[in-house]
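Below are the chains, spelled out letter by letter.
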Amino acid sequence: MDFATFLIQLLNSVQYGLLLFMLAAGLTLIFGIMGVVNLAHGSFYMLGAYLGYSLSGQFGSLTLAILGGAALAVVFGLVLEWLLFRHFYHRDHLDQVLLTFGLIYIFEELRSILWGDDVHGVAIPKLLDWSIPLTDTLSYPVYRLFISGVCIALAVALYLLISKTRLGMKIRAGAFNRDMAESLGVNIKLIHAIVFALGVGLAAVAGMVAAPVSSVYPNMGSSVLIMCFVVVVIGGIGSVRGALIAALLVGFVDTFGKVLLPQVAGMLVYMLMAAVLLWKPEGLFKQ
Amino acid sequence: MSTPRANIEVLPRSVQFALALGLAALLLFPVVGSDFYVQMVTRMMIMAIFAMSLDLLQGVTGLVSLGHAAYFGVAGYALAFLTPADMPVSLWWSLPLAVAASGLVALVIGFFVVRTHGIYFIMVTMAFAQMVFYLFFDNKVLGGSDGLYINFRPDASILGWLPFDLEGRKTFYYFTLALVVLVYALLRRLLWSPLGRALAGIRINEHRMRAMGFGTRGYKLTAFTIAGALAGLAGYLWGAQTGYVNPELMGFHMSAHAIMMVILGGMGNFAGAIVGAFAFEYLLHAFKDISKHWQLLMGCFIVLVVVAAPRGLLGMFAQRRAAQASEGLHHG
């Protein structure tokens, strides 16, 4: 593997890892703070991708599509939290598994009714539709750098929100000791709704920015959900930092596995997970 | 945030009576039922074995496996590989071998997963099952996404003598029914054995079991392996009945359906798993009949069940009994 190929694969693995992080961060926050296992998280990713597809066709602008789509997804998340999820924070994991599994069925069918079962491509915006030449034959598409950029920006925003703001302090307090935080005057119900909507928003934006590269198709949520689970298991539940490191690790192993060991590439990520479980059954950064 | 659920391990007379009645109905059914329905009920009985196998984990031991379909699928594929293209394979060695293959896969995966708890267990079982799924899905040698055909049902002859012929729909029906009864009896026996009591103890309080000197990981791994092997039995029958296996058998939806069956009927006593499997398969059939948007109906139904009747159909008996018992206390 020459240096240019290596660089391209490295950039690809970082881009994939960051995208996984956007999803896993929402998943792990919702676990860590509300104790809810959400199988429908992949459906929010799918929802984002389809919204992005429709909105970018509608507006002709990806920026507007992302902003509008994220806003719609957050509103959708708030409604869903209010209607269903808030009743399940204290319920058995089994009930949460079933509830969110039922939701997957509902979302898949609604997607089929609204958008049909075809695979749709999403155009890369003109401004970003060019490549940086690396050698005479190899070049790197700018749009992939844009994906990484959006993910990094959101990761930094998330970090600042959680560790530097008043709201973030309340979120951390609620995760650490719900009853104590509540008796100190933190509105835990509101915090939960915000965290849930935040998770939905992150997943939807991930779906939207990934759409031009991966296109939008039925069941796109389930494969991404399983990768998210792997990331969360490796990183440790509730740890956003663990999710970031695990997501980059998974992105790296998956991308380079496909190039170097294509026969077993599908298994490599799971082998990584098994190895981590043997070493640390609670994940690398269990809080 | 796991709350212990009501598990009625000692079945009330009324439920025992209903089970006996059900068995009688199943014995008589092929006499009156058309071929289509005989096949449908056979499928329901196969799913009942699958659901009972999961109940050993979910209802008895308190381990929610979201990857149980992997072991179901492995045995189906084992039958597909063992059956030559132009002749049937002997039932007498292919069945034990397929079941053992599922048990072995469950043992290996179980070694990793029993180290985890709660939400982790759910996610890790699902991830490993997905690994098995992609192993078959991505490999042309293993059939790929199209799956494999099984041209012949297993052959039950012993040294030239044929006690029964599984190619016959009704014979296959009764063979499956016999296995349902056998698995039920075996699991009920296991439930009241020292192993079963230890597993129930782990569900109620694993820390206490450990403090009393039980190696809980070993017990959990044993349960996981037995459950995987029995799921394999169901998968073998499925492959033999449909003559076709594909990766969907190991998929996430199949695993979630099994969980749904166990919940729907009521957990921890195996009778509920049978009731749940029949009810769920019937609903699936009915919804597909009503509308091409059956997934929407199924999704709404699942959400409704989990919101309204989290203890399942047999659980309602338990609630009623508990209510009667507390009333008796007040009046006595």
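Below is a short write-up of the structure. (Residues numbered from 1 in each chain as written. Chains lettered and ligands numbered in written order. Predicted model: local features only at pLDDT ≥ 70, side-chain atom pairs only at ≥ 80, totals over all residues. Heavy atoms only, no water.)

### Things to note about the overall build of chain B
Applicable threshold: For the purposes of this entry, the term helix denotes a DSSP run of H or I that reaches at least four residues, the term strand denotes a run of E that reaches at least two, and both are numbered from the N terminus. The globule rule used here is 2.2 Å times the number of residues to the 0.38 power, and the radius of gyration it is set against is calculated over C-alpha atoms. Buried, partly exposed and exposed residues are distinguished by accessible area as a fraction of the type maximum, computed with a 1.4 Å probe on protein chains only: under 20%, between the cut-offs, and over 50%, respectively. Contacts between residues were defined by any pair of non-hydrogen atoms, one from each residue, lying within 4.5 Å. Each accessible area value is a Shrake-Rupley result obtained with a 1.4 Å probe; residue values ignore everything except the protein chains displayed when judging cover.
If you tally the helices and strands in chain B, you get 13 helices and two strands. For a compact globule of 332 residues, the expected C-alpha radius of gyration is about 20 Å, and chain B comes in at 20 Å, within 12% of that figure. Looking at the 332 residues of chain B, the share that counts as buried comes to 55%. Long-range contacts, defined as pairs at least 24 residues apart, comprise 78% of the intrachain contacts of chain B with a sequence gap of at least 6. With the model as given, the accessible surface of chain B reaches about 14,300 Å², and the carbon-plus-sulfur share is 67%.

### Some words on the overall build of chain A
The number of helices and strands found in chain A is 11 helices and two strands. Shown N-terminal to C-terminal, the secondary structure of chain A runs as helices and strands in the order α-α-α-α-β-β-α-α-α-α-α-α-α. For chain A, whose C-alpha radius of gyration is 19 Å, the value lies close to the compact-globule estimate of 19 Å for 287 residues. Oriented by its inertia axes, the alpha-carbon framework of chain A measures out at about 65 × 50 × 35 Å. Classification of the 287 residues of chain A by burial places 56% in the buried group.

### A closer look at the state of the cysteines
All names here are of chain A. In plain terms, the rule: Here, two cysteine sulfur atoms that lie within 2.5 Å of each other are counted as a disulfide.
Taken as a whole, this structure holds zero disulfides over all chains when the rule is applied. Cysteine 151 supplies the cysteine sulfur nearest to cysteine 228, a cysteine that is in no disulfide, at a spacing of 12 Å. Of the residues examined, cysteine 228 reaches a relative accessible area of 1% and is grouped as buried.

### Quick word on the packing of helix H2 (residues 35-61) of chain B against helix H6 (residues 169-191) of chain B
All names here are of chain B. Worth spelling out the cut-off: Axes here mean lines fitted to C-alpha atoms, for a helix over just the part in contact, with angles spanning 0 to 180 degrees between N-to-C directions. Any angle between 65 and 115 degrees counts as roughly perpendicular, while under 35 counts as roughly parallel, over 145 as roughly antiparallel, and the rest as oblique. Here a crossing is called left-handed whenever its near helix is offset anticlockwise from the far helix by less than a right angle, and right-handed whenever the offset is clockwise. Think of it as three bins: nonpolar holds Ala, Val, Leu, Ile, Met, Phe, Trp, Tyr, Cys and Pro, charged holds Asp, Glu, Lys and Arg, and polar takes everything else, Gly as well.
Two elements in contact, H2 and H6, have axes whose closest approach is 9 Å; the angle formed by their N-to-C orientations is 15°. Accordingly, the angle class assigned to the pair H2 and H6 is roughly parallel. Two packed elements cross with a definite hand, and for H2 against H6 that hand is left-handed. Across the interface between the two elements, Asp35, Val38, Gln39, Val41, Thr42, Met45, Ile46, Ile49, Met52, Leu56 and Val60 from H2 touch Arg169, Phe172, Tyr173, Thr176, Leu177, Leu179, Val180, Val183, Tyr184, Leu187, Leu190 and Leu191 from H6. Of the residues contributing to the contact of H2 with H6, the split by class is 18 nonpolar, three polar and two charged.

### Focus: the interface of chain A and chain B
Formally: Summed over both partners, buried area is the accessible surface (1.4 Å probe) that two parts give up on being assembled. The term salt bridge refers to a side-chain nitrogen of Lys or Arg lying within 4 Å of a carboxyl oxygen of Asp or Glu. N or O atoms closer than or at 3.5 Å make up a polar contact, with two conditions inside protein: a donor-capable atom paired with an acceptor-capable one, and, for residues adjacent in sequence, both atoms drawn from side chains.
Between chain A and chain B, the contact holds 45 residues from the first and 45 residues from the second. A combined buried area of about 4,300 Å² lies between chain A and chain B, and 77% of that area is made up of carbon and sulfur atoms. The largest per-residue losses of area from chain A upon contact with chain B belong to Leu94(A), Leu98(A) and Tyr105(A), which jointly make up 17% of the total buried on that side. Taken together, the connections running from chain A to chain B amount to zero salt bridges. Summed over the shared surface of chain A and chain B, the number is eight residue pairs in polar contact (both at pLDDT 80 or more). When residues of the side of chain A that touches chain B are traced back to their parent elements, those giving at least two are helix H4 (93-115), helix H9 (220-235) and helix H11 (265-279) of chain A. In terms of residue count, H4(A) provides more of the side of chain A that touches chain B than any other element does, 16 residues in total. Considered class by class, the residues forming the side of chain A that touches chain B number 31 nonpolar, seven polar and seven charged.

### Some thoughts on the nonpolar core
In plain terms, the rule: Among buried residues, the Ala, Val, Leu, Ile, Met, Phe, Trp, Tyr and Cys ones that are joined through side-chain atoms within 4.5 Å form a nonpolar core.
In terms of nonpolar packing, the biggest core is built from 213 residues, with Leu39(A), Met273(A), Met52(B) and Phe128(B) touching the most fellow members. With 16 residues, H2(B) is the largest single contributor of residues to this core. The residues touching Phe128(B), leaving out its near neighbours within four places in the chain, are Met273(A), Ala274(A), Leu277(A), Ile109(B), Phe112(B) and Val113(B).

### Quick notes on the pattern of salt bridges
Taken as a whole and judged by the stated rule, the model has nine salt bridges over all chains. In this structure, the salt-bridge partner of Glu108(A) is Arg111(A), at a minimum N-O distance of 2.8 Å. Pair noted here: Glu108(A) and Arg111(A) are both in helix H4, with a separation of three residues, about one helical turn. Using a relative accessible area of 8% as the deciding quantity, one classes Glu108(A) as buried. With its nearest N and O atoms 3.2 Å apart, the salt bridge here joins Lys220(B) to Glu206(B). With a gap of 14 residues between them, Lys220(B) in helix H9 (residues 216-242) and Glu206(B) in helix H8 (residues 206-211) connect regions that are remote in the sequence. One salt-bridge network, in which partners are shared between bridges, spans Glu108(A), Arg111(A) and Asp117(A).

Geometric descriptors of this kind do not, in isolation, establish any biological role.
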